[in-house]
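Below are the chains, spelled out letter by letter.
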Amino acid sequence: MKDRLGFRFVLCSAVFMILTQYRVLADFDSESHGVNLESVEEEEWEMVQRKGMQFTLNGQPFYVNGFNTYWMMTLAADNSTRGKVTDVFQQASAVGLTVGRTWAFNDGQWRALQKSPSVYDEDVFKALDFVVSEARKYKIRLILSLVNNWNDYGGKAQYVKWGNASGLNLTSDDDFFTNPTLRDFYRSHVRTVLNRVNTFTNITYKNDPTIFAWELMNEPRCPSDPSGDKLQSWIQEMAVFVKSIDAKHLVEIGLEGFYGPSAPARTRFNPNPYAAQVGTDFIRNNQALGVDFASVHVYPDSWISPTVSDTFLEFTNSWMQAHVEDAEMYLGMPVLFTEFGVSAHDPGFNTSYRDMMLNTVYKMTLNSTRKGGAGAGSLVWQVSSQGAEFMDDGYAVYLTRAHTASKIISLQSKRLSIFNSLCGWRCKWGCKKKNHTALDALFSHDEL
């Protein structure tokens, strides 16, 4: 007990010295004894950029602790549930989350944004405007995904239905990737969203720093072509198309991270043999012109076994490490773990195991952060608010009642905030030597 208390005293003294030296205010909260970080001057709301393997903001690194809440536009479309969106941003901001990911699509479904090709519901579009404006209010940036691979919220299957309704004879949902008419439908949607003028802020989406990045598709797969050529062609075309409209924002594909034919030696890291047959190819796909960073998802309960076990954590470690290595060795770009979680519906689930999953992902991220590596951060799936349980897919984290998870998330945010504030591009992403000891202690200990 004595050694532990002594370590806390030395660590806190060192952190205080660093924060004072770099003009960062730190005050200890009387209840949690956590460090609350606040800039002396409010930073300008600028675009996040990429330099090599890191994201940057105002010349400083921008390592990400983030979250997913897919349903925000849908609930914002109804005044009776719009407050749930504000609740999510409030709670996310309170634990230091800086990037959220959500849908900028709902094709032909309940409360559809796009009712038919190029025909939009203005009220739902105003709901998306609200989401973006509310994110800005809470200093949270957004990754906006532009279409779904899955049938939820329409997805590529809805585009195929629209194609057949217009006289085409399409037989596979994967025709989404190859049919010229469906490609036109998608490009039209991209053009409409990127050129949208927000009715709350009067800022065009393509000029708004609130948007962190555009995501081409949520979890694209093309199992009808295991070679990956069809999906690769689509990625190459659409990444360049997005950049032709908006050269300012970052672009990512939305991949789960499965290895394919271009890297047969890496397929051993896939969660199962089928993963190499779904038409995706992590390294090859991310080498397409116009792609700024890689995305990876982490779902051992969906990919390996629904029953919770220690195998999940072992897989998570090797899966994340493999993708950080590839981002550094082959891609030369950041990699974001844009979805990870464990479902309360899994046999054997308990909140302690979810906390272990959070700690595992966060420690893997920090291992890269501390050396300025390509592991640029992670986004938990998903943060929800009380009263929105009907949108819970089993993975929801309710920050106001998941107290241990909230503390783990908050600690990760504080660590990344300290690192972002102390390190810069000029020092090649390493802090001054006299700060190394304190930072190493900060990153390796479980409490501040």
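Residues numbered from 1 in each chain as written. Predicted model: local features only at pLDDT ≥ 70, side-chain atom pairs only at ≥ 80, totals over all residues. Heavy atoms only, no water.

(A) Layout of the overall build of the protein. Secondary structure assignment for the protein yields 13 helices and 17 strands. Per-residue burial over the protein gives 58% buried out of 448 residues. Relative to all contacts within the protein whose residues are 6 or more apart in sequence, the contacts with residues 24 or more apart total 74%. (Helix = DSSP H or I, 4+ residues; strand = E, 2+ residues; numbered from the N terminus. Buried < 20%, exposed > 50% of the residue type's maximum accessible area, 1.4 Å probe, protein only. Contact = heavy atoms within 4.5 Å.)

(B) How the structure looks around the pattern of salt bridges. With the rule as written, the count across this model stands at 17 salt bridges. Residue Lys-137 pairs with Glu-134 through a salt bridge whose shortest N-O separation is 3.2 Å. Taken as a pair, Lys-137 and Glu-134 lie in helix 4 (residues 122-137) at a separation of 3 residues, close to a single helical turn. Across the pair Arg-221 and Glu-256 runs a salt bridge whose closest N-O atoms are separated by 2.9 Å. (Salt bridge = Lys/Arg side-chain N within 4 Å of Asp/Glu carboxyl O.)

(C) Representation of helix 4 in the model. Taking 1.5 Å of rise per residue, the 16 residues of helix 4 would be expected to cover 22 Å, and the 22 Å separating its terminal C-alpha atoms lies within 8% of that figure. Within the span of helix 4, buried status applies to Val-124, Phe-125, Ala-127, Leu-128, Asp-129, Phe-130, Val-131, Val-132, Ser-133, Glu-134 and Ala-135. At its buried positions, helix 4 is contacted by helix 2 (72-76), helix 3 (82-94), strand 7 (99-103), strand 9 (119-120), strand 10 (141-145) and helix 6 (180-194). If you check the start of helix 4, you find a side-chain oxygen 2.9 Å away from the backbone N of Asp-123, and it comes from Asp-121. Just downstream of helix 4 lies Lys-139, where phi reads positive at about 55°. (Expected span 1.5 Å × (residues − 1). Polar contact = N/O pair within 3.5 Å; in protein donor to acceptor, adjacent residues only side chain to side chain.)

(D) Fine view of the confidence of the model for the protein. Of all residues in the protein, 85% attain a pLDDT of 70 or more, and the chain-wide mean is 89. Confidence, read as mean pLDDT per element, is least for strand 1 (residues 24-28) in the protein (35) and greatest for strand 10 (99). Within the model, the stretch residues 1-42 combines pLDDT values under 50 with 55 contacts to residues more than four positions away or in other chains. Considering only residues more than four positions removed or in separate chains, one finds that residues 425-434, a stretch of pLDDT under 50, has 18 contacts. (pLDDT = per-residue confidence, 0-100.)

(E) Main features of the packing of helix 10 (residues 310-331) against helix 11 (residues 351-369). Taken N-terminus to C-terminus, the directions of helix 10 and helix 11 make an angle of 25°; their axes are 10 Å apart at the nearest point. Classified by the interaxial angle, the pair formed by helix 10 and helix 11 is roughly parallel. The chirality of how helix 10 crosses helix 11 is right-handed. Residues Phe-312, Leu-313, Thr-316, Asn-317, Met-320, Gln-321, Val-324 and Glu-328 of helix 10 form the contact with helix 11, whose participating residues are Tyr-353, Met-356, Met-357, Thr-360, Val-361, Met-364, Thr-365 and Ser-368. (Axes fitted to C-alpha atoms, helices over the stretch in contact; angles between N-to-C directions. Parallel < 35°, antiparallel > 145°, perpendicular 65-115°, else oblique. Left-handed = near helix turned anticlockwise from the far one by under 90°.)

(F) Expanded view of the sheet that holds strand 11 (residues 211-215). Strand order in the open sheet made by the 8 strands is 12-11-10-7-6-15-14-13, with parallel pairing throughout. Among the strands making up the open sheet, the edge pair consists of strand 12 (250-252) and strand 13 (294-298). Taking each pair of neighbouring strands and ignoring which way they run, the sheet shows an average axis angle of 25°. (Pairing = 2+ DSSP bridges.)

(G) Seen up close, the packing of helix 3 against helix 4. At their nearest, the axes of helix 3 and helix 4 sit 10 Å apart, and the two run at 25° to each other. In terms of axis orientation, helix 3 runs roughly parallel to helix 4. Pair helix 3 / helix 4 crosses with right-handed handedness. On the side of helix 3, the interface is formed by Arg-82, Val-85, Thr-86 and Phe-89, while helix 4 contributes Ala-127, Phe-130, Val-131, Glu-134 and Ala-135. Among the residues forming the contact of helix 3 with helix 4, the class breakdown is 6 nonpolar, 1 polar and 2 charged. (Nonpolar A, V, L, I, M, F, W, Y, C, P; charged D, E, K, R; others polar.)

(H) Fine view of unusual backbone geometry. Across the junction of Trp-381 and Gln-382, the peptide omega takes the value -10°, indicating a cis bond. For Gln-382, the position within the fold is in the loop between strand 15 (375-381) and strand 16 (383-384). For Ser-118, which is not a glycine, the phi torsion comes out positive at approximately 70°. Tracing the sequence through the fold places Ser-118 in the loop between strand 8 (114-116) and strand 9. Take Ser-118: its relative accessible area is 44%, and that puts it in the partly exposed class. A positive phi angle is found at Lys-139, which is not glycine, with a value near 55°.

(I) Region of interest: the environment of Tyr-70. Along the polypeptide, Tyr-70 turns up in the loop between strand 6 (64-68) and helix 2. Expressed as a C-alpha distance, the spacing of Tyr-70 and Leu-144, which sit 74 residues apart in the sequence, is 9.6 Å. Sequence-distant contacts of Tyr-70, defined by excluding residues within four places in its chain, comprise Arg-101, Thr-102, Trp-103, Tyr-153, Trp-381, Gln-382 and Met-391.

(J) Just the pairing of strand 4 (residues 54-57), in detail. Residues Gln-54 and Thr-56 line one face of strand 4 and the alternating positions Phe-55 and Leu-57 line the opposite face, and both faces are buried. Relative to strand 4, strand 3 (residues 49-51) runs antiparallel, the two sharing 3 bridges. When the sheet's bridge partners are listed, Arg-50 is paired in strand 4 with Phe-55. Hairpin connection between strand 3 and strand 4: a loop of 2 residues separates the two successive antiparallel strands, and Gly-52 in this loop has a positive phi of roughly 60°. One ladder, built from 2 bridges, connects strand 4 with strand 5 (residues 60-61); its direction is antiparallel.

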